[in-house]
Amino acid sequence: LTCQLGLPSQVVCTDNKGQNMSYYSNVLSQMIVKCGGQLFKINFDSKFNESRFNTSPIMIMALDSSRAALGKSKFILTSSYDAHFAKYYTQTLICDSNKEDKQAALRQGVVNAVTYFKGKTNMFPKIVLVYRNGGNEKQKIRVFEEEIPQFKEVLGTEGESSFDKELKAQLCFVCVNNRTDMIFLDKQGSSYSNPANGTVIDAEVTNPDFYEFYMQPQYVNQGIAHPIHFHVIYDNSGMPIDILENITYKQTYYYWNWNGPIKVPAVLKYAEKETEFYSKYLNMEPDSKIIGTPFYI
């Protein structure tokens, strides 16, 4: 159905037929978004609404990568194409594992994303915000040296775009680490608890030479909560840290497979789910009719 006919599909396992209504409500929500619907829209705060970032067309993108077949690599790119950052276009790019082919595949992925964005909005994005899985220093160096130049070349970030002379987009590139050792606790009298959801730490314990912050999107009521680390390794958009934090936190609510916030921005979670879905179930590209929907959740 997905590959050959382009039909979003959903099934209910007979073992789960006795589930409560929340289970069926979740299935219905998945059916709605797979058919191109939208469950809700999130409003941003006044500081974002009064800034230039509210009037500039922004595309939020996530990048995930993994090994494919022997000698092959795989890039998953998920990118928003609406003003509320709630609808996503997903692509899977398979290439040889050598450096040149990987860079060429990534450039093509960025071209595809901005082309789809323009097809839906009649304009190119002016700001591209990228979330990239990968937290250790070795990964960040490789991303900075091998991946960011591909974005800059296509987007025309520091010169003329290699794709289209009309395209001139600023770039904010964020590495996301969801396996941190850092722990923050909220002291209440003589006792301690996990921080409230939405807690952000961007001073005192962060490196003053870095553009970084920690965020606890969810409230954890069992065990110790570990925050997510966001490190901006390239930015020429001038986006203030509080606006980036606001966008990031609101993004954690847009994962249609869960009621409430998740640990990472939804656009990045969708890229992770497509990576898993492609590896398990797909052996070809999905039909073009559903690539603008989260058919893989």
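Up top is the structure.
Rules and cut-offs
- Residues numbered from 1 in each chain as written.
- Predicted model: local features only at pLDDT ≥ 70, side-chain atom pairs only at ≥ 80, totals over all residues.
- Heavy atoms only, no water.
- Patch = residues over 30% accessible without salt bridge, like charges linked within 9 Å, V, L, I, M, F, W, Y side chains within 5 Å.
- Areas by Shrake-Rupley, 256 points an atom, 1.4 Å probe, with all protein chains shown as cover.
- Salt bridge = Lys/Arg side-chain N within 4 Å of Asp/Glu carboxyl O.
- Helix = DSSP H or I, 4+ residues; strand = E, 2+ residues; numbered from the N terminus.
- Phe/Tyr/Trp six-rings, centres within 6.5 Å; stacked < 30°, edge-to-face > 60°.
- Buried < 20%, exposed > 50% of the residue type's maximum accessible area, 1.4 Å probe, protein only.
- Contact = heavy atoms within 4.5 Å.
- Disulfide = S-S within 2.5 Å.
- Pairing = 2+ DSSP bridges.
- Right-handed = clockwise from strand over helix to strand, strands pointing away.

1. With respect to a nonpolar patch on the surface
A contiguous nonpolar surface patch, about 410 Å² in accessible area, is contributed by L28, M31, I32, L39 and F40. Among the structural elements, L39 can be located in the loop between α1 (21-34) and α2 (46-49).

2. Quick look at the packing of aromatic side chains
Counting across every chain of the model gives 20 aromatic pairs. Pairing Y23 with Y24 gives two aromatic rings, centres 5.1 Å apart and planes at 85 degrees, and the pair type is edge-to-face. By relative accessible area, which is 21% here, Y23 ends up partly exposed. Judged by centre distance (4.6 Å) and plane angle (35 degrees), the ring pair of F44 and F48 falls under tilted. Grouped by ring-pair contacts, the aromatic residues Y88, Y255, Y270, F277, Y281, F295 and Y296 constitute a single cluster.

3. A short note on the environment of P294
Along the polypeptide, P294 turns up in the segment after α6 (266-281). Distance from P294 to C35, taken between C-alpha atoms, is 8.9 Å for residues 259 residues apart in sequence. Not counting the four nearest positions on each side in its chain, P294 is found in contact with V33, K34, W256 and Y270.

4. Some remarks on the pattern of salt bridges
What the rule picks out here adds up to twelve salt bridges. E158 is the partner of K152 in a salt bridge, and the nearest nitrogen-oxygen pair spans 3.4 Å. Given the relative accessible area of 55%, E158 is considered exposed. Across the salt bridge formed by E276 and K280, the nearest N and O atoms sit 3.2 Å from each other. Of this pair, E276 and K280 both sit in helix α6, four residues apart, roughly one helical turn.

5. A look at the state of the cysteines
Going through the model one piece at a time under the given rule, you end up with zero disulfides. The structure places no disulfide on C172, whose sulfur is separated from the nearest cysteine sulfur, that of C175, by 11 Å. The exposure class assigned to C172 is buried, which follows from its relative accessible area of 0%.

6. Details of the pairing of strand β4 (residues 127-133)
The element β4 is largely enclosed, with a buried count of seven among its seven residues. Side-chain alternation along β4 places I127, L129, Y131 and N133 on one buried face and V128, V130 and R132 on a second face that is also buried. Bridge count between strand β1 (residues 58-67) and β4: six bridges; the pairing is parallel. Within the sheet, the bridge partner assigned to I60 lies in β4 and is L129. One ladder, built from seven bridges, connects β4 with strand β5 (residues 170-177); its direction is parallel. Residue pairing across strands places Y131 opposite V174, the latter belonging to β5. The handedness of the β4 to β5 crossover, carried by helix α4 (residues 137-155), is right-handed.

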